[in-house]
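Breakdown of the fold
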Amino acid sequence: MNGQPMFHPFARVIHWLMAAMILAMLFIGAGMVSTVSEKHQWLVGIHKPLGIAVFVLALVRLGFRLTHPAPPLPADLPLWQKLAAHASHWLLYALMLAMPLIGWGMLSAGGYPVTLGAGLQLPAILPADATLFAWLRESHRYLAWLFFLTFLAHMGAALMHGLIRRDGVLRSMTGGGRD
Ligand code: HEM
């Protein structure tokens, strides 16, 4: 064991819950745009409410993070790795908020209803505008790629801490025994 402090239990639960939701969203989104079968509508019907749930949880998580600072990284971690860790964490927060907002805005600009199932419908957040719709559609696609790459880099860094450095950083989020 080493002295690396742990994340708050709430931070750990919301981290793993959102990791699963976001990974599912990336694959559902990719699946949606690559099929013209009846599965397309079924996937869209999951993508919209799950994406809005990611947005709500990201707001809760950001509020919690701003009031409960993360445990400090190990003092011997090279400065560039500390800077990369902080930059990628804030990029992930930005994407957790921007992706759902862009999805919602894109449907609004396209004049499509943002239905969440069970008769729930969100209001349009942008005026109907074909050029804006096309621009947001492209942004949603490119930011999804950035999200996926950042997610992979984040996983790579977590494994480096857990398997190579064994410095307690991965355990501070898994809450398990030794690493
Ligand atoms: C964390 C949140 C989200 C993630 C990670 C995500 C991810 C994706 C991905 C990967 C695609 C496929 C992009 C492509 O290759 O063209 C996509 C498409 C799409 N997303 Fe999202 N999305 C999110 C939130 C939302 C939300 C909240 C909405 C709407 C309320 C939405 C609406 C759409 C629509 C309408 C499409 C295009 C579907 C089609 O053309 O068939 N997304 N999304």
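All values derive from a computational prediction rather than experimental measurement.

Observations concerning the confidence of the model for the protein chain
On average, residues of the protein chain score 95 in pLDDT, and 97% of them reach the 70 mark or higher. Within the protein chain, the lowest mean pLDDT, 90, falls on strand β1 (residues 114-117), and the highest, 98, falls on helix α3 (residues 79-109).

Looking at the UniProt feature "domain: Cytochrome b561 bacterial/Ni-hydrogenase" (unreviewed entry) in the protein chain
If you check UniProt for "domain: Cytochrome b561 bacterial/Ni-hydrogenase" (unreviewed entry), the listed places come out as residues 7-176 in our numbering. Between the first and last C-alpha atoms of residues 7-176 the distance is 12 Å; the span itself is 75% helix and 4% strand.

Concerning helix α2 (residues 39-67)
In this model, α2 (29 residues) spans 42 Å end to end at C-alpha, consistent with the 42 Å of a helix rising 1.5 Å per residue. Every buried residue belonging to α2 is among K48, G51, V54, A58 and R61, and all of these are buried. Here the buried face of α2 lies against α1 (9-33), α3 and β1.

A look at unusual backbone geometry
The phi dihedral of A118 is positive, around 50°, even though this residue is not glycine. Its identity is not glycine, yet R166 carries a phi of approximately 45°, on the positive side. Counting through the fold element by element, R166 comes out in the loop between α4 (130-165) and α5 (169-174). We classify R166 as partly exposed; it has 13 C-beta atoms within 10 Å.

Side note on the UniProt feature "transmembrane region" (unreviewed entry) in the protein chain
UniProt annotation of "transmembrane region" (unreviewed entry) refers to residues 13-37, 49-67, 87-107 and 142-164 when read in the numbering used here. End-to-end, the C-alpha atoms of residues 13-37 are 36 Å apart, and along that stretch the chain is 84% helix and 0% strand.

Structural notes on the site of the ligand
G29, G51, P100, G103 and A144 are the nearest of the 22 residues found near the ligand. Mapped onto the shell around the ligand, the elements with two or more residues apiece are α1, α2, α3 and α4. When residues of the shell around the ligand are assigned to their parent elements, the largest contribution, seven residues, is made by α1. Residue composition of the shell around the ligand, grouped by class: 15 nonpolar, five polar and two charged.

Here we look at the packing of α1 against α2
In contact at an axis separation of 9 Å, α1 and α2 are set at 150° when each is read in the N-to-C sense. It follows that α1 is roughly antiparallel to α2 by the angle criterion. Between α1 and α2 the crossing geometry is left-handed. Note on element contacts: α2 touches α1 through H40, L43, V44, I46, H47, L50, G51, A53, V54, L57, R61 and F64, opposite F10, A11, I14, M18, M21, I22, A24, M25, I28, G29, G31 and M32. For the contact of α1 with α2, the residue count by class is 18 nonpolar, five polar and one charged.

Rules behind the numbers
Residues numbered from 1 in each chain as written. Predicted model: local features only at pLDDT ≥ 70, side-chain atom pairs only at ≥ 80, totals over all residues. pLDDT = per-residue confidence, 0-100. Helix = DSSP H or I, 4+ residues; strand = E, 2+ residues; numbered from the N terminus. UniProt positions renumbered as here; feature names shortened; annotations may be inferred. Expected span 1.5 Å × (residues − 1). Buried ≥ 20, exposed ≤ 12 C-beta atoms within 10 Å, placed from the backbone. Contact = placed C-beta atoms within 7 Å. Near = placed C-beta within 6 Å. Nonpolar A, V, L, I, M, F, W, Y, C, P; charged D, E, K, R; others polar. Axes fitted to C-alpha atoms, helices over the stretch in contact; angles between N-to-C directions. Parallel < 35°, antiparallel > 145°, perpendicular 65-115°, else oblique. Left-handed = near helix turned anticlockwise from the far one by under 90°.

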